[in-house]
Amino acid sequence: LNAVGVETDSLAAGASVESALAAIGTVTQTPVIDLGAGTYDFDGAIALNQSVEIEGAGLSSTVLRQTATARLFNISPSVDVALRHMTLTTDGIGSSQYGGGILNQGNLIVENSAFVENSANRGGAIETLSEGSLIAVESDFWGNRAGIYALSDVGDGGAIYAVNADVNLMGV
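So, a few notes on the structure that sits alongside this text. (Residues numbered from 1 in each chain as written. Predicted model: local features only at pLDDT ≥ 70, side-chain atom pairs only at ≥ 80, totals over all residues. Heavy atoms only, no water.)

### A short note on the pairing of strand E2 (residues 38–42)
Then, number 1: Burial along E2 is one-sided: the face carrying Gly38, Tyr40 and Phe42 is buried and the face carrying Thr39 and Asp41 is not.
Then, number 2: Pairing geometry for E2 and strand E5 (residues 62–66), over five bridges, is parallel. Pairing of phenylalanine 42 across the sheet is with glutamine 66, part of E5. (Buried < 20%, exposed > 50% of the residue type's maximum accessible area, 1.4 Å probe, protein only. Helix = DSSP H or I, 4+ residues; strand = E, 2+ residues; numbered from the N terminus. Pairing = 2+ DSSP bridges.)

### A word on the sheet that holds strand E12 (residues 114–116)
Then, number 1: Sheet architecture is open: five strands sit in the order E2-E5-E8-E12-E16, paired in parallel fashion. Looking at the sheet topology across the chains shown, the edges are occupied by E2 and strand E16 (140–142). Pairs of neighbouring strands in the sheet enclose a mean axial angle of 15°, with direction left out of account. (Axes fitted to C-alpha atoms, helices over the stretch in contact; angles between N-to-C directions.)

### Some remarks on the packing of aromatic side chains
Then, number 1: One pass over the structure, following the stated rule, counts two aromatic pairs.
Then, number 2: Ring geometry for phenylalanine 42 and phenylalanine 73: centres 5.6 Å apart, planes at 85°, overall edge-to-face. Linking phenylalanine 42 in strand E2 with phenylalanine 73 in strand E6 (residues 73–75), this pair joins segments that are 31 residues apart in sequence.
Then, number 3: Exposure remark for phenylalanine 42: the relative accessible area of 0% places this residue in the buried category.
Then, number 4: We classify phenylalanine 73 as buried; its relative accessible area is 0%.
Then, number 5: Ring centres 5.2 Å apart and planes at 5° place the aromatic pair phenylalanine 115 and phenylalanine 141 in the stacked group. Within this pair, whereas phenylalanine 115 is found in strand E12, its partner phenylalanine 141 is found in strand E16, the two being separated by 26 residues in sequence. Taken as a pair, phenylalanine 115 and phenylalanine 141 share a single burial class, namely buried. (Phe/Tyr/Trp six-rings, centres within 6.5 Å; stacked < 30°, edge-to-face > 60°.)

### Side note on the pattern of salt bridges
Oppositely charged side chains may form a pair once their charged atoms are brought near each other.
Then, number 1: Going through the model one piece at a time under the given rule, you end up with five salt bridges.
Then, number 2: Close ionic contact of glutamate 53 with arginine 84 constitutes a salt bridge, the shortest N to O distance being 3.2 Å. A residue pair is termed long-range when its members are at least 10 positions apart, and glutamate 53 in strand E4 (residues 52–55) and arginine 84 in strand E7 (residues 80–84) qualify at 31 residues.
Then, number 3: Overall, glutamate 53 belongs to the partly exposed group, its relative accessible area being 25%.
Then, number 4: Judged by its relative accessible area of 16%, arginine 84 falls in the buried class.
Then, number 5: Put simply, glutamate 127 and arginine 122 hold a salt bridge, and the shortest N to O gap is 2.8 Å.
Then, number 6: On the accessibility criterion, glutamate 127 (1% relative accessible area) is buried.
Then, number 7: When salt bridges that share partners are traced, they join Glu53, Glu55, Arg84 and Glu111 into one network. (Salt bridge = Lys/Arg side-chain N within 4 Å of Asp/Glu carboxyl O.)

What follows is the structure, encoded as structure tokens:
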């Protein structure tokens, strides 16, 4: 963690991402969470109500994995979030009705990351609503599904679903 006064270069594998986000508190700059290599298991969706940048150690090195029947992140309106150098997965669990990996109402930037095996009724990996925006750069979307909790082939946006939102995909 940096920008929050925590004296550590990165979180060790198995550490709680939730506790890192909770440690942010109120700061004047956008905090950066530096995740070390490892798999970080979530047991429920994390609400991102404050701007944050989360940096991983690489696609094959840092994995954020949901183990419950939920998405990984809920991004609130007007919140800026950047996710870089990581893989995000719900392991194909029919995780939510909308936004299997992320439900975005803020401004999301995804760089050099992969969304793998996420599922929802619409927006298997990411759903961005009208008050939000999405920029994905040099990122991959593999095995994401949309359908009735991804149990059918009828659904919208296997990887990305956007409702009147600004979406820019570069090298995706």
